[in-house]
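Descriptive structure summary
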Amino acid sequence: MGLPGGNGEHEHGPARPGESPVQRADRNFQELISELRVLQTGVQFLFGFLLILAVQPRFADPTTFGRVTYVVTLALCCAATALLMAPVAYHRALFAKGVKPEIVRVSSRFALAGMLALFLAIVSAVLLVVDAVLGLLGASIVSAAVAVLFALLWYAVPLRRLRALAREREAHATKDGGSSPSV
């Protein structure tokens, strides 16, 4: 799964030797679906937790902040669920229409948007729960730490590696007289 702003090679990976564009699109879609299975499991657990939370005695009389945070978290979780399931629906709607590269490209964008919604839902859920346990100050600190952790692991580390790969390719291309290496 690529990151925003990547070119086609970064977004969908290089072709393998002897691989046709259709085979590449099929492989990339299968890899994307495998990645989405992990994310969908996480969002399902979070969604179930949120639905159960609303009927718990301790949550019977939340503060206004708690109610707003709960509704925002639930909405983010719903958005993440829809976005992370959208590639399957998009594929099904366009199945056998000869547009697999488009399906992969659009599905990758759905997945990235779903990851962002899930990231925000997780941070919001942590804010909601820790607010009930430690209060708003503790919840703000813990939620900020969770946000930084996810931002680093899901976005900063991969973007840093993409930049390093781009520099390596540029250096290799310059060394080889301008030809681009295949990976």
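Below: a short report on this structure. Note that the coordinates shown come from a computational prediction; the quantities given were computed from them, not determined experimentally.

A word on the overall build of the protein chain
The helix and strand tally for the protein chain stands at 5 helices and 0 strands. When the helices and strands of the protein chain are read in sequence order from the N terminus, they spell out α-α-α-α-α. Looking at the protein chain as a whole, 36% of its 183 residues qualify as buried. Pairs at least 24 apart in sequence give 68% of the contacts found in the protein chain among residues at least 6 apart.

Notes on helix α3 (residues 64-94)
Given 3.6 residues per helical turn, the α-helix brings residues three or four places apart onto the same face. Under the 1.5 Å per step criterion, the end-to-end length of α3 is 44 Å for 31 residues, consistent within 8% with the ideal 45 Å. Maximum bend of α3: about 40°, positioned at A86, with proline P87 one to four residues after it. Within α3 the residues assigned to the buried category are G66, T69, Y70, T73, L76, C77, A80, T81, L84, A86, P87 and H91. On the buried face of α3, the contacting elements are α2 (21-53) and α4 (100-134). Of the residues flanking the end of α3, it is A96, one or two places downstream, whose phi is positive at about 60°.

Topic: the side chain of S143
Its place among the elements puts S143 in helix α5 (residues 136-175). Excluding anything up to four places from it in sequence, S143 contacts V123, V126 and L127.

Quick notes on the environment of P21
Locating P21 in the fold gives a position in helix α2. For P21, a relative accessible area of 64% puts it in the exposed group. A sequence separation of 79 residues divides P21 from K100, and the C-alpha atoms of the two residues are 9.3 Å apart.

A few points about α5
Between its terminal C-alpha atoms α5 stretches 56 Å, which fits the 58 Å expected from 40 residues at 1.5 Å a residue. In α5, a bend of some 45° at L152 exceeds every other bend along the element. For α5, the set of buried residues is G138, A139, S143, V146, F150, W154, Y155, L162, A164, R169 and A173.

Comments concerning the packing of aromatic side chains
On inspection of all chains with the given rule, the structure shows 4 aromatic pairs. Taken together, a centroid distance of 6.2 Å and an interplanar angle of 75° make the contact between F119 and Y155 edge-to-face. Here F119, found in helix α4, pairs with Y155, found in helix α5; they are 36 residues apart in sequence, far enough to count as distant. Both residues of the pair, F119 and Y155, count as buried. Measuring from ring centre to ring centre gives 5.0 Å for F150 and W154, while their planes differ by 75°; the resulting arrangement is edge-to-face. With a gap of 4 residues between them, F150 and W154 both fall in helix α5, about one helical turn apart. Cluster of aromatic residues (ring-pair linked, three or more members): F119, F150, W154 and Y155. One cation-aromatic arrangement involves R92 over F95; the distance from NZ or CZ to the ring centre is 4.5 Å.

Cut-offs applied
Residues numbered from 1 in each chain as written. Predicted model: local features only at pLDDT ≥ 70, side-chain atom pairs only at ≥ 80, totals over all residues. Heavy atoms only, no water. Helix = DSSP H or I, 4+ residues; strand = E, 2+ residues; numbered from the N terminus. Buried < 20%, exposed > 50% of the residue type's maximum accessible area, 1.4 Å probe, protein only. Contact = heavy atoms within 4.5 Å. Expected span 1.5 Å × (residues − 1). Bend = angle between axes of the 7 residues up to and from the residue. Phe/Tyr/Trp six-rings, centres within 6.5 Å; stacked < 30°, edge-to-face > 60°. Lys NZ or Arg CZ within 6 Å of the ring centre and 35° of its normal.

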